[in-house]
Amino acid sequence: MAFNSLCRRLRASSSRAILEGLRGRARYSQGRHTSAPAQRALAATAAGSGGSDDRRFWLWSSALVPLAVAASAGSLALRSSPEPSLCEAPDLDVGGVMVGGKGSTAYLVKGSHKEVPQELIDELVAICGENVTMDYDERSFHGKPQNSFHKAVNIPDVVVFPRSEEEVSKIVKSCNKHKVPIVPYGGATSIEGHTLSPNGGVCIDMTLMKRVKALHVEDMDVVVEPGIGWMELNEYLEPYGLFFPLDPGPGATIGGMCATRCSGSLAVRYGTMRDNVISLQVVLANGDVVKTASRARKSAAGYDLTRLMIGSEGTLGVITEVTLRLQKIPQHSVVAMCNFPSVKDAADVAIAAMHSGIQVSRVELLDEVMMKGVNLANGKDLPELPTLMFEFIGTEAYSLEQTNIVQKIVSEHNGSDFVFARDPEAKKELWKIRKEALWASFAMEPTFEAMITDVCVPLSHLAELIARSKQELDASQLTCTIVAHAGDGNFHTLVLFDPSEDDQRQEAERLNHLMVHIALSMEGTCTGEHGVGTGKMKYLEEELGMEALRTMKKIKQAVDPNNIMNPGKLIPPHVCF
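What comes next concerns the included structure. (Residues numbered from 1 in each chain as written. Predicted model: local features only at pLDDT ≥ 70, side-chain atom pairs only at ≥ 80, totals over all residues. Heavy atoms only, no water.)

**Concerning the pattern of salt bridges**
Counted only if it meets this: Salt bridge criterion: a side-chain nitrogen from Lys or Arg within 4 Å of a carboxyl oxygen from Asp or Glu. Secondary structure counts use DSSP, requiring at least four H or I residues in a row for a helix and at least two E residues in a row for a strand, with both numbered from the N terminus. Type-normalised accessible area, obtained with a 1.4 Å probe on protein chains alone, sets the label of each residue: buried when under 20%, exposed when over 50%, and partly exposed for intermediate values.
The tally for this structure, following the rule as stated, stands at 23 salt bridges. Residue D247 pairs with R362 through a salt bridge whose shortest N-O separation is 3.1 Å. Here the residue D247 occupies a position in the loop between β11 (242–243) and α8 (254–260), and R362 occupies one in strand β17 (residues 360–366), the gap between them amounting to 115 residues. Residue D247 is classed as buried on the basis of its relative accessible area, which comes to 5%. Its relative accessible area of 9% is what places R362 among the buried residues. For the salt bridge of E429 with K380, the shortest nitrogen-to-oxygen distance reads 2.8 Å. Taken together, the residues span a long stretch of sequence, with E429 in helix α15 (residues 424–435) and K380 in the loop between α13 (368–378) and β18 (387–394) at a distance of 49 residues. Connected through salt bridges with shared partners, the residues D367, E368, K470 and D474 form a single ionic network.

**Concerning helix α5 (residues 136–143)**
What counts here: Two N or O atoms form a polar contact when they lie within 3.5 Å of each other; inside protein one atom must be a possible hydrogen donor and the other a possible acceptor, and for residues adjacent in sequence the pair counts only when both atoms belong to side chains.
Burial analysis of α5 places seven of its eight residues in the buried class, the great majority of the element. Among the residues making up α5, those that are buried are Y136, E138, R139, S140, F141, H142 and G143. Capping the start of α5 is the job of one residue whose side-chain oxygen sits 3.2 Å from the backbone nitrogen of D137: D135.

**Comments concerning the nonpolar core**
Formally: The set of buried Ala, Val, Leu, Ile, Met, Phe, Trp, Tyr and Cys residues whose side-chain atoms join them within 4.5 Å is what this entry labels a nonpolar core. Should any heavy atoms of two residues lie within 4.5 Å, those residues are counted as being in contact.
Formed by 58 residues in total, the largest nonpolar core has its most connected members in L365, L388, F390 and I466. Excluding residues within four positions of it along the chain, L388 makes contact with A336, M337, C338, F340, A346, V349, A350, V363, E364 and L365.

**A look at the packing of α13 against helix α16 (residues 437–444)**
Let me state the cut-off plainly: A fitted line through C-alpha atoms serves as each axis, taken over the contacting stretch for helices, and the angle formed by two N-to-C directions is quoted from 0 to 180°. Oblique is the label for any angle not covered by the other classes, which are roughly parallel (under 35 degrees), roughly antiparallel (over 145) and roughly perpendicular (65 to 115). Residues were grouped as follows: Ala, Val, Leu, Ile, Met, Phe, Trp, Tyr, Cys and Pro as nonpolar; Asp, Glu, Lys and Arg as charged; and all remaining residues, including Gly, as polar.
Where α13 contacts α16, the two axes come as close as 8 Å, and the packing angle between them is 85 degrees. One way to sum up the angle between α13 and α16 is to call them roughly perpendicular. On the side of α13, the interface is formed by V369, M370, G373, V374, L376 and A377, while α16 contributes A437, A440, S441, A443 and M444. A per-class count over the contact of α13 with α16 returns nine nonpolar, two polar and no charged.

**Some words on the packing of aromatic side chains**
Here is the rule we go by: Aromatic pairing here means that ring centres of Phe, Tyr or Trp (its six-membered ring) are within 6.5 Å. Orientation follows from the plane angle: under 30 degrees is stacked, over 60 is edge-to-face, and everything else is tilted.
Per the stated rule, a full pass over the model turns up four aromatic pairs. Arranged with centres 5.7 Å apart and planes meeting at 10 degrees, the rings of F390 and F392 form a pair that is stacked. Assessed through its relative accessible area of 0%, F390 is described here as buried. Judged by its relative accessible area of 0%, F392 falls in the buried class.

**Topic: the side chain of E225**
Structurally, E225 can be placed in the loop between β10 (221–224) and α7 (230–237). A distance of 3.1 Å separates the side chain of E225 from the backbone nitrogen of K210, its partner in a polar contact. Leaving out residues up to four positions away in the same chain, E225 has contacts with R163, M209, K210, R211, K213 and T320.

**Considerations on the environment of I278**
Checked against the element boundaries, I278 lands in strand β12 (residues 277–283). Here the alpha-carbon distance between I278 and T323, two residues 45 residues apart in the chain, equals 5.4 Å. Every residue in contact with I278, bar those within four places of it in the chain, is listed here: D221, A293, S294, R295, A296, R297, T306, T323, L324 and R325.

**Structural notes on α15**
Our working definition: A helix is expected to reach a length of 1.5 Å times the quantity of its residues less one. The arc under discussion is defined with respect to the helix axis, by the directions toward the C-beta atoms.
For α15, built from 12 residues, the straight-helix expectation of 16 Å at 1.5 Å per residue is met to within 8% by its first-to-last C-alpha distance of 16 Å. Along α15, the residues classified as buried are K427, L430, W431, I433 and R434. Buried residues in α15, looked at end-on, bunch into an arc of 135 degrees, giving them a common side. Of the exposed residues in α15, those oriented more than 90 degrees away from the buried face are P424, E425 and K428.

**With respect to the pairing of β17**
Applied cut-off: By this definition, two strands are paired if DSSP reports at least two bridges between them.
Burial runs high along β17: seven of the seven residues are buried. Of the pairings in the sheet, the one linking β17 to β18 comprises six bridges and is antiparallel in character. Looking at the pairing, V360 lines up with F392 of β18. Where β17 lies against strand β22 (residues 479–485), three bridges are found, and the strand directions are antiparallel. Along β22, the bridge assignment pairs L365 with A484.

**Quick look at the environment of D247**
Separated by 10 residues in sequence, D247 and M257 place their C-alpha atoms 9.8 Å apart. Excluding its chain neighbours within four sequence positions, the residues that come into contact with D247 are W230, S263, G264, S265, L266, R362 and K435. A distance of 2.5 Å separates the side chain of D247 from the side chain of S265, its partner in a polar contact. For D247, the side chain forms a polar contact with the side chain of R362, separated by 3.1 Å.

**Some thoughts on the sheet that holds strand β13 (residues 289–291)**
Read from one edge to the other, the open sheet built from five strands follows the order β9-β10-β14-β12-β13, with strand pairing classed as antiparallel. Strand pairing shows two members of the sheet lacking a second neighbour, β9 (212–216) and β13, which therefore form its edges. Strand after strand, the sheet turns through a mean of 15 degrees between neighbouring axes, direction not considered. Direction of pairing for β12 relative to β13: antiparallel, over a ladder of three bridges. Its bridge partner being in β13, V282 is matched across the sheet by V290.

**Overview of the packing of helix α4 (residues 118–128) against helix α6 (residues 165–178)**
Two numbers describe how α4 lies on α6: the axes approach to 10 Å, and their chain directions differ by 175 degrees. One way to sum up the angle between α4 and α6 is to call them roughly antiparallel. For the pair α4 and α6, contact is made by E119, L120, E123, L124, I127 and C128 and by E167, K170, I171, S174, C175, K177 and H178, respectively. When its residues are assigned to classes, the contact of α4 with α6 shows six nonpolar, two polar and five charged.

**Things to note about the environment of R269**
Structurally, R269 is set in helix α9 (residues 267–270). Counting along the chain gives 219 residues from R269 to D488, while the straight-line C-alpha distance between them is 9.3 Å. The contacts of R269, once residues within four sequence positions are left out, are Q359, V360, S361 and I393.

Below, the structure is given as structure tokens:
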């Protein structure tokens, strides 16, 4: 997420400003009409302004008549249905493999439409007032991620901007009644196709719901709406000496971070999203609002619905409220940087530092290609060698003690040029190198796109994984940079390719597949923090097994029998029961 957000800001900041203006005009002009005749006229105007009806209003239909699964005290029972099994429609890629299924290489997500009923449009306007739009540019923006090579054949038919949990509940209930699909939308910083609308339907943009509802300083927790960004939240918390420790991309919102189970560079010390969320409120497919837990720091009361929803990517419900655990802002910190002859040497030091028992808050690795991009983008003259960056926090004495221990470890593993900073401006300048890694990559290939990998392995396998991957990356004709959260075994490769050249895209896909399969062979995962979406579905059977996927599908069918909640994401289409 961190890399996607930076790229989205780089590529789309100017268009966002323009679209905000369009959004305001569209909401005002369209939201005023609440009667059915007026809305029909509005729909015709919106379609006509963007081109032909066939192009602007993709018709949504379900190729699947889903089976309803009834949850009882101890079992899930299938209701009668003309369908022999619960499977997705068999959309095939060029190799005859189901799109998104095991072995698929397709990146264009297919779907089908039926016309969104005028009755539903009237209901949405009655619920949201002026915060409803069918403007083509706005729908296109919400349906086409700014930094994702995954595309969909369709875009949302309607975009709504609710202001409260009650409005979200009513929206979802209406969509469920009409069996129209829903796609929740936050900061749009994800890169695996989470916000695509392959079946059209209703996009629920949560960005107007961004209030801090309650701050409990003594308990070190905060209750927020999902549309608030993590950076905005930390600005609010700073005067109280508190902060929320997860740090993905700048545009990421708390709701989206929950939905994708994200983390960031501080996860090595504070954990991922699943470790930092105390409870949620979620709107289910029938419009019911569920509270997943109390505000207590621990509980053994019933199923852990909080963890079920975290990482569900909008397929089980729409998150409307989040209670987060907070941390004290550290008294002191030190940022250090050092170089190595190879990425394996750098990874070995990261592992040794974690084994030493010191409380490192960040351990980030950049390879020599990335450092070349850093120099090019920033006019610097840093050594173009594999580089490790550390952050140590605590008291001044403790931070310096940790720094000295790591410096000794570095000297024992062929490290050189160990430098560290305690001055706030110097620390900011050093850490800027890491934070602007994606910008630096595009400095080498300004017109290219990036395919970003997200594999994660047990820490003891990290050095081998990076070394094996690096051999393939260096042998490729594509420009490939590496950035790793080396303290928890998670690393990203930014594979730069020309999207207009099929051979380059296929080579990028080949490298992606290779790294994923190496990671899975080491008991790792295809995604450490970016989530599944449409892009990683094809790897889940190998990673989790079919029985786990069938269980996931049964849960999905139990809470969303009409399959309206972000359909076509997370669960591979070839999973049947």
